[in-house]
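The chain contents come next:
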Amino acid sequence: RRAAHTIRPRLSLRRPAGLMALRPLSAVVALTCGSAWCLVGIRAVAMPEDAVSCSAPKANTPGVWAVNASNGETLEGYYFAPDEDYPVPGKCAPCAGLAGTGKVCGGVVGSSPNFQLVDCPGGQTCPSASTARECPSGYYCRKGFTDPMACSWSQSCPAGADERAPGAGAGIMAAVILLLTLAMWLVFTRIKNKTNQRATLRVELSAEAESGDRAGAAGGAAAVGAAGAAEGGDASIAIDFHGLSMTLKSTGQPVLEGVSGSFPAGALAAVMGPSGGGKTTFMNALCGRADYGHVTGDIFINGHPGGVGDFPSLVGFVPQDDILFSDLTVFEALYFNALLRLPLAMRHKAKVAVVRQVLDTLEVGHIQHAVIGDEARRGISGGQKKRVSIGLELTAAPRVLFMDEPTSGLDGAAALQLARCIRKLGAAGITVVCVIHQPRFAVFNAFTHLLLLGKGGRTVYCGETGNMRPYLEGIGFRYSEGENVADWMIDVVSGESARYDGDRVDDTFAVPEGLFARWAGRAATGQPELSGEGGKPADRVTPGFRQQFVIMFRRCGVQFRLAKLMGMMAMFAFLGVMGGLLGGLEAITQFFGKNIGAAHNASGALFVMVSAFPGYTLLAPEQLPFRRERSAGVSMPAYFLAKQCFNILDIVIPTLVYVVCAWLLSFPDLPFGDMLLIYVGLSVYCTGIGVLIGALFSGNVGLLLTVIAPAELFNFFSGILIPLRDFPAPLFWLAHLGPGLWFMEAVTVCTFREWPAAMQADPAVRKLNLDDTGFAGRFDAGWGAPAYFGIFCLLGCAFRLEAAVLMHHLPKVPQYRSQVQRAWARVTGSAHRFHASKEEEVEHKRSVDAIASVAV
């Protein structure tokens, strides 16, 4: 009868001020104030209207009941609650009339004075405050819960269990992870082996395409084969330039003045001169890449007005630095480059033939299966890397090849090997233009044509290499037998070699002004004839977005390394064990009680610290090789999408390892499927931040930000350090862009939905987890793990889209002194404003232009 009475709440559960967001110091204070918490727990219970006025003994002695305040009789089977203003006397109500609160009278379990209410012990179920039964088999009974909760297929729950233990399902989960890893290794190993097999298979060319395909394989210049013949155009390109000049946009200073000359089809042209002679500037102006200056003059391609940049697929550019994919073998690097840049209509066998012939031409066939390597992993030598860098352009079958100081950093033997390769290129009909510095005689002798520039960017000589010495001797300079002709030539231009007028030294001849005047007077006799006229080159049709996406996704599979994945899995497993231990410690679970979000905070924070790394390592190590491909016409969206699709494996596998380890050690009330979906969504979000950081920063700064940025966003906006209701309105809405709020809401809502109906109906528990945190609205709307997974994916895709936009519109970025300047320039597009001087600006721009190819 008493149980059916109307219940009137006397006092809602209120924690002492400051304990809503528990700090480590306040946690110690709260744990030492057991009596205060006991008092709050008693006062939190709603009392019947006809509760009896009573008083409790002052001594907290087990086995003692409260007494009736009016007649002094012992109220056996009653629980005591103090008045709001005066703890003694208070009110007493029957234990049998209190149900669904997770409380039980102390006399039932014998662990405290009989008149006190305590949490239902773990391993027991308490349908009312007067009854405690052992938890049945197949269920577990949490401390303070009214009803038992069922165990899943992967857990073991004997009778009287208060927590779950790993069952047979734990072994199944571990086996699934191992099988997935093994399957990935087998699939990508097969892809890699099939790619490498193409390096040793004999290529059978059909008779009708043999002439065209073999002509292209003979050196790469006419490797278009039958498809190239159908498109039309000459096999070689002649370049003429008249009055080519350039002034810097920033200062108006002239750096190139009136350079005229010609490079016939199939010529091997060397661009030489002293420091400050404008060698790289000339090549940039000729290629149409000098966007940092105003270029004037006329350029003719096969006698037709135009520019080299009008035919990007026919032009190759070899930067001074060896910018290569370090985790590919020599053959793999050349093979995928050929697939990306050779004509779409060209047969696959013909493309493989081009790659094989380039290996033979550059004399790197014996190292075709060697990994290129970098500073961290030893690979091929510096000279071999230089030839592979040239090979990347040759596999694209260019008709014009530009090289920026290809012999820099090479020893004599490596430079001699390079000279032999250059001769083969000329024999194949490729027009080669090289900026070269202090070559040995054998290297210098490999070039058929020479453009000699003096300080200030004016012409000293332009013509055949063999005619340079007679020309200089004809104007009074004497050559000492046995001296390197290239060194003597530079001495003449620099004023280190005397000019003779008969038998005496001519002290009146000014160098280099006199040299400029002599050449200008010779060129002024008439308009130079064009080096040759032929058909106007036609640009090729190369693979489109879809084909490039498939090619680059295959390349990602070849780049896959099991050791790297295993290392990442080990790191996630270690942190998952730590997160599981923290989430399963009895001291922590007892301290936080029924506060769901606080119990999951440590595990989520550990996961966020490392989950952005797969996104950062996706792009940051390949920034320079990507820029080289991007400037050569390779599709940026195809590259970006292929990397993101392959990154799904880096998201799912490590996250699965983390969740399995954390879940098996802590066994939260959150179902495994919901927990996995939430953490995978969180990983998508964090890797999106990593991708954006990798597009903006590199090196140690990028690594540091990859750890700090997601962790701080998570902790600051999670509501644990600072309650969300205390945020000002702008920060509150900004918190919806961070991972902390959505993670805490996801685990809280999904866990609360799994709790027994009696616990969900408890006003105090609902207020603690839903009302005070602002999660009640979406809980009542029926949100679940899939909804939160979608929000995480939406935010993660937004970060990826921002990174893609930056990469698409700003393909070339100077190497600034600070990463902050680099990021600002990438966002704003300011390429020069941070340099200390105009000379440094020019030097930075040259470095950038050495990375990019001729097509922007």
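The paragraphs below set out a description of the structure included in this document.

Conventions used here
Residues numbered from 1 in each chain as written. Predicted model: local features only at pLDDT ≥ 70, side-chain atom pairs only at ≥ 80, totals over all residues. Heavy atoms only, no water. Helix = DSSP H or I, 4+ residues; strand = E, 2+ residues; numbered from the N terminus. Buried < 20%, exposed > 50% of the residue type's maximum accessible area, 1.4 Å probe, protein only. Contact = heavy atoms within 4.5 Å. Areas by Shrake-Rupley, 256 points an atom, 1.4 Å probe, with all protein chains shown as cover. Pairing = 2+ DSSP bridges. 1 Å grid on protein atoms, 1.4 Å probe; cavity = no way out; pocket = protein on both sides within 12 Å on 5 of 7 lines; lining within 4 Å. Points joined across faces, edges and corners; volume = space filled by probe spheres on them. Nonpolar A, V, L, I, M, F, W, Y, C, P; charged D, E, K, R; others polar. Right-handed = clockwise from strand over helix to strand, strands pointing away. Salt bridge = Lys/Arg side-chain N within 4 Å of Asp/Glu carboxyl O. Expected span 1.5 Å × (residues − 1). Arc of directions from axis to C-beta.

For the chain, the count of helices and strands is 32 helices and 26 strands. Each of the 856 residues in the chain was classed as buried or not, and the buried ones make up 52%. At a minimum sequence separation of 6, the contacts of the chain that also span at least 24 residues come to 70%. When the accessible surface of the chain is summed, it comes to about 35,900 Å², and 58% of that surface belongs to carbon and sulfur atoms.

The next subject is the sheet that holds strand 6 (residues 90-94). Taken together, 4 strands build an open sheet; the order of strands is 4-3-6-5 and the sheet is antiparallel. Across the chains shown, the open sheet's two edge strands, defined by having one partner strand only, are strand 4 (67-68) and strand 5 (78-82). Pairing of strand 3 (residues 52-55) with strand 6, which is carried by 3 bridges, proceeds in the antiparallel orientation. Pairing of Ser53 across the sheet is with Lys91, part of strand 6.

Attention now moves to the sheet that holds strand 16 (residues 254-263). Read from one edge to the other, the open sheet built from 4 strands follows the order 16-15-18-19, with strand pairing classed as antiparallel. Two strands close off the open sheet at either side, each with one partner strand: strand 16 and strand 19 (304-305). Pairing of strand 15 (residues 239-248) with strand 18 (residues 293-301) involves 8 bridges; the strand directions are antiparallel. Considered in strand 18, the bridge of Ile239 is made with Ile301.

Counting across every chain of the model gives 4 cavities of 30 Å³ or more. Taken as a whole, the second largest cavity spans an internal volume of roughly 140 Å³. What lines the second largest cavity is a set of 15 residues, and nearest its centre among them are Phe325, Asn337, Leu392, Arg628 and Glu629. Put simply, the parts of the chain that give the lining of the second largest cavity at least two residues each are helix 8 (330-341), helix 10 (382-394) and helix 21 (623-631). Ranked by the residues each element gives to the lining of the second largest cavity, the list is headed by helix 8, at 4 residues. When grouped by side-chain class, the residues that make up the lining of the second largest cavity number 9 nonpolar, 1 polar and 5 charged.

Attention shifts here to the layout of surface pockets. There is about 1,200 Å³ of room inside the second largest pocket. In terms of lining, the second largest pocket is formed by 36 residues, of which the most central are Ser326, Asp327, Asp374, Pro621 and Glu622. Secondary structure elements with two or more residues in the lining of the second largest pocket: helix 16 (545-559), helix 17 (562-584), helix 20 (613-619), helix 21 and helix 22 (636-666). Partitioned by chemical class, the residues of the lining of the second largest pocket number 17 nonpolar, 7 polar and 12 charged.

What follows is about the pairing of strand 21 (residues 400-404). The side chains of a regular strand alternate between both faces of the sheet. For strand 21, the buried fraction is high: 5 of the 5 residues fall into the buried class. Alternating residues of strand 21 divide into Val400, Phe402 and Asp404 and Leu401 and Met403, and every residue in both groups is buried. Note that strand 20 (residues 315-318) and strand 21 share 4 bridges and pair parallel. Note on strand 21: the bridge partner recorded for Phe317 is Phe402. Traced from strand 21 through helix 11 (residues 412-427) to strand 22 (residues 431-435), the parallel crossover comes out right-handed.

As a further point, take the pattern of salt bridges. With the rule as written, the count across this model stands at 17 salt bridges. As a salt-bridge pair, Lys386 and Asp322 come within 3.3 Å of each other at their nearest N and O atoms. With a gap of 64 residues between them, Lys386 in helix 10 and Asp322 in the loop between strand 20 and helix 8 connect regions that are remote in the sequence. The exposure class of Lys386 is buried, given its relative accessible area of 2%.

If you check helix 26 (residues 739-754), its first and last C-alpha atoms are 23 Å apart, about what 16 residues at 1.5 Å a residue would give, namely 22 Å. Among the 16 residues that make up helix 26, 14 are buried, leaving the element largely enclosed by the rest of the structure.

What follows concerns helix 11. With 16 residues, helix 11 ought to run about 22 Å at 1.5 Å a step, and its terminal C-alpha atoms sit 23 Å apart, in line with that. Within helix 11 the residues assigned to the buried category are Ala414, Ala415, Leu418, Ala419, Cys421, Ile422, Leu425 and Gly426. The buried residues of helix 11 all sit within an arc of 165° when viewed along its axis, so they share a single face. Structural note: helix 11 exposes Ala413 and Ala427 on the side pointing more than 90 degrees away from its buried face. Against the buried residues of helix 11 lie strand 17 (268-272), helix 9 (348-361), helix 10, strand 21, strand 22 and helix 12 (441-445).

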